[in-house]
Amino acid sequence: MFAKNDYIIYGTTGVCKITGIEKKKFNTSAEREYYILKPAYDPNSTIYAPVDNNIINIRKIMTVKEVYDLIMAMPDNKTIWIDDINLSKEKYNEILKKGDKVELVKLIRTLYLEKQKKKSKNKKKYQKL
């Protein structure tokens, strides 16, 4: 469980600050405990995220060492290019929603290398996402 004033990554919203933890009852649902989140990109917004939520990924922000280790492992990561546009869109969106750091780095590397390959062939950049 996270605490007040922690910074976390909330789903695809990104970095949020936990400004409080309260029990609330919304609509007809039972009372639950919620994190009160303020997104870094818009501190005027408020998100109420159930503490016991298993659907949206909430995770701690990476440490400097974790980021460094991830970057150092990048050259060893395989790419995950998928030629079929529909399958690739589905897979890449799944990776984004899941938030797995290693898979995200593979996706970034894959898209970067594909862009470089097309650039070297003087082709127009083709974006799948």
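Residues numbered from 1 in each chain as written. Predicted model: local features only at pLDDT ≥ 70, side-chain atom pairs only at ≥ 80, totals over all residues. Heavy atoms only, no water.

**Points about the overall build of the chain**
Secondary structure assignment for the chain yields three helices and five strands. For the chain, the α and β elements follow one another from N to C terminus as β-β-β-β-β-α-α-α. Relative to its length of 129 residues, the chain is extended, with a C-alpha radius of gyration of 18 Å against a globular reference of 14 Å. Dimensions of the chain, computed from C-alpha atoms along their principal axes, come out at roughly 55 × 35 × 25 Å. Counting across all 129 residues of the chain, residues that qualify as buried make up 25%. For the chain, long-range pairs separated by at least 24 residues make up 41% of all intrachain contacts whose partners lie at least 6 apart in sequence. Averaging the coordinates of the 27 positive side-chain charges in the chain and doing the same for the 16 negative ones gives two points 6 Å apart. (Helix = DSSP H or I, 4+ residues; strand = E, 2+ residues; numbered from the N terminus. Rg over C-alpha atoms; globule rule 2.2 N^0.38 Å. Buried < 20%, exposed > 50% of the residue type's maximum accessible area, 1.4 Å probe, protein only. Contact = heavy atoms within 4.5 Å. Lys, Arg positive; Asp, Glu negative; His and termini not counted. Charge placed at Lys NZ, Arg CZ, Asp CG, Glu CD.)

**Concerning the packing of helix H2 (residues 85-98) against helix H3 (residues 101-120)**
Two quantities define a packed helix pair, namely the angle between the axes and the distance from one axis to the other. The geometry of H2 relative to H3 is characterised by a closest axis approach of 9 Å and an angle of 140 degrees between their N-to-C directions. Considering their axes alone, H2 and H3 lie oblique with respect to each other. Considering only the axes of H2 and H3, their crossing is left-handed. Counting all contacts with H2, which are made through Tyr 92, Ile 95 and Leu 96, the residues of H3 involved are Glu 103, Leu 104, Leu 107, Thr 110 and Leu 111. A per-class count over the contact of H2 with H3 returns six nonpolar, one polar and one charged. (Axes fitted to C-alpha atoms, helices over the stretch in contact; angles between N-to-C directions. Parallel < 35°, antiparallel > 145°, perpendicular 65-115°, else oblique. Left-handed = near helix turned anticlockwise from the far one by under 90°. Nonpolar A, V, L, I, M, F, W, Y, C, P; charged D, E, K, R; others polar.)

**Quick word on the packing of aromatic side chains**
Any pair of aromatic rings gets described here by the distance separating the centres and the angle formed by the planes. In this structure the tally under the stated criterion is three aromatic pairs. Ring centres of Phe 26 and Tyr 34 lie 5.0 Å apart, and the angle between their planes is 90 degrees; this geometry places the pair in the edge-to-face category. (Phe/Tyr/Trp six-rings, centres within 6.5 Å; stacked < 30°, edge-to-face > 60°.)

**Focus on the pairing of strand S1 (residues 7-10)**
Pairing of S1 with strand S2 (residues 14-24), which is carried by four bridges, proceeds in the antiparallel orientation. Within the sheet, the bridge partner assigned to Ile 9 lies in S2 and is Val 15. Counted between consecutive antiparallel strands, the loop separating S1 from S2 contains three residues, among which Gly 11 sits at a positive phi close to 50 degrees. Across three bridges, S1 lies against strand S5 (residues 58-60) in antiparallel orientation. Within S5, the residue paired with Tyr 10 across the bridge is Ile 58. (Pairing = 2+ DSSP bridges.)

**Things to note about unusual backbone geometry**
Residues other than glycine seldom take positive phi values, yet Asn 5 does so here, at roughly 75 degrees. Structurally, Asn 5 is set in the segment before S1. Residue classification places Asn 5 among the partly exposed residues on the basis of a relative accessible area of 45%.

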